[in-house]
Amino acid sequence: MSSSIDPIILMKQEVGKAAAARVLSGSVVGLGTGSTMAYAIQFIGDRLQNGDLKNIKGIPTSFQSRVLAKEYGIPLVTLDEVDRIHVAIDGADEVDPHLNLIKGGGAAHTQEKIIDALADRFIVVVDSTKLVTDLGSTFLLPVEVLPMAISPVTKAITNLGGRPQLRMGVKKAGPVVTDQGNLVLDVKFDRIDNPGELEKTLNNIPGVLENGLFVDVADLVLVGEVIDGQPVVREITR
Ligand code: 5RP
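Cut-offs applied
Residues numbered from 1 in each chain as written. Predicted model: local features only at pLDDT ≥ 70, side-chain atom pairs only at ≥ 80, totals over all residues. Heavy atoms only, no water. Helix = DSSP H or I, 4+ residues; strand = E, 2+ residues; numbered from the N terminus. Rg over C-alpha atoms; globule rule 2.2 N^0.38 Å. Contact = heavy atoms within 4.5 Å. Areas by Shrake-Rupley, 256 points an atom, 1.4 Å probe, with all protein chains shown as cover. Lys, Arg positive; Asp, Glu negative; His and termini not counted. Charge placed at Lys NZ, Arg CZ, Asp CG, Glu CD. Domains from an automatic or database assignment. Salt bridge = Lys/Arg side-chain N within 4 Å of Asp/Glu carboxyl O. Polar contact = N/O pair within 3.5 Å; in protein donor to acceptor, adjacent residues only side chain to side chain. Nonpolar A, V, L, I, M, F, W, Y, C, P; charged D, E, K, R; others polar. Near = heavy atom within 4 Å. Buried < 20%, exposed > 50% of the residue type's maximum accessible area, 1.4 Å probe, protein only.

J.: Would you mind going over the overall build of the chain with me for this structure?
T.: Scanning the chain from terminus to terminus reveals 6 helices and 13 strands. Against the globule reference of 18 Å for 238 residues, the chain gives a C-alpha radius of gyration of 18 Å, in line with a compact fold. Overall, the C-alpha framework of the chain stretches about 55 × 45 × 35 Å when taken along its three principal axes. Relative to all contacts within the chain whose residues are 6 or more apart in sequence, the contacts with residues 24 or more apart total 74%. Here the chain has roughly 11,300 Å² of accessible surface; of this, 53% comes from carbon and sulfur atoms. When the 23 positive and 30 negative side-chain charges of the chain are each reduced to one mean point, those points stand 3 Å apart.

J.: Where do I start with the environment of Phe-63 in this structure?
T.: Of note, Phe-63 is situated in helix 3 (residues 63–71). Separated by 115 residues in sequence, Phe-63 and Thr-178 place their C-alpha atoms 9.7 Å apart.

J.: Just checking my understanding: could you explain the domain arrangement of the chain for this structure?
T.: In terms of domain boundaries, the chain breaks down into domain 1 (7–131 + 216–237) and domain 2 (141–210). One C-alpha centre belongs to domain 1, the other to domain 2, and the line joining them spans 25 Å. Of the residues lining the interface, 12 residues belong to domain 1; the matching set on domain 2 comes to 15 residues. The interface formed by domain 1 and domain 2 contains 2 salt bridges. The closest approach of N and O atoms between Lys-113 and Glu-210, which form a salt bridge, is 2.7 Å. Across the domain 1-domain 2 interface, the total number found is 9 residue pairs in polar contact (both at pLDDT 80 or more). The element contributing the most residues to the side of domain 1 that touches domain 2 is helix 4 (residues 109–118), with 4 residues. Its residues placed into classes, the side of domain 1 that touches domain 2 shows 3 nonpolar, 7 polar and 2 charged.

J.: Hey, could you run me through the site of the ligand in this one?
T.: Taken together, 18 residues lie around the ligand, and Thr-33, Ser-35, Thr-36, Asp-93 and Lys-130 are the ones closest in. At 3.4 Å from an oxygen atom of the ligand is found a main-chain nitrogen or oxygen belonging to Gly-91. When isolated, the ligand has an accessible area of 380 Å², and the protein chains bury 91% of it. Of all the secondary-structure elements, those providing two or more residues to the shell around the ligand are helix 2 (35–49) and helix 4. Looking at the shell around the ligand, its residues break down into 3 nonpolar, 9 polar and 6 charged.

J.: Just checking my understanding: could you explain the pattern of salt bridges for this structure?
T.: As a working rule, side chains carrying opposite charge can pair if their charged atoms are close by. Enumeration over the complete set of coordinates arrives at 12 salt bridges. With its nearest N and O atoms 2.4 Å apart, the salt bridge here joins Arg-22 to Glu-235. Residue Arg-22 is found in the loop between helix 1 (7–20) and strand 1 (28–31), and its partner Glu-235 is found in strand 13 (residues 230–237); the two are separated by 213 residues along the sequence. Arg-22 sits in the partly exposed class, given a relative accessible area of 33%. For Glu-235, a relative accessible area of 47% translates into the label partly exposed. The closest approach of N and O atoms between Glu-112 and Lys-103, which form a salt bridge, is 3.1 Å. Connected through shared salt-bridge partners, Asp-90, Lys-103 and Glu-112 make up one network.

Given below as structure tokens:
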């Protein structure tokens, strides 16, 4: 039965379900962005509807996660209304062996980093294709930039050895515009030897709002895999 489903979708569903199962009643939950998170949000909503989970509050990290949370009946709050986020769940584009991440495939990494970093516990949900030995090997590094600073930031990143390209919209003429009204540069670095240092260096360029390196933030990575046609979820902890 399950073998007829695209294995990537199967992995995303299973890992989304596994993360949703870890949410406790009474908690404040950071709701990440992306296609894997869409399943996690759906399963959290299912648990609320069937009474297995009670009295949770979600904090969305994007327009997308806010819309999905509302669709699945998850009550939402803002950072102004809570003292604490008990757990955040979010996807990633790359995960290295130290549990450092590249995020921002959905251009939502600025709000995601705020929520994920504030959470007591940050759970990452990925399919096994996201595991890499070195960050930047399969995915360009997203950098959110204020529109008026796009030219100097592009030059500054080039001077650092990166090759930035402006992310363009799909079914929209012109560039991707983030939920904050900014632009995204996707940057190729030949090597990212020290992700923590590069994260700070990029964020120190005037006009950069945030980049997609998430260093020392993840506590647990749930990896969806398909073995002999069956989905399994593996845990990687720090
Ligand atoms: C959005 C993100 C996403 O979490 C990341 O792109 C993974 O998405 P998906 O689960 O669709 O592969 O960082 O900014």
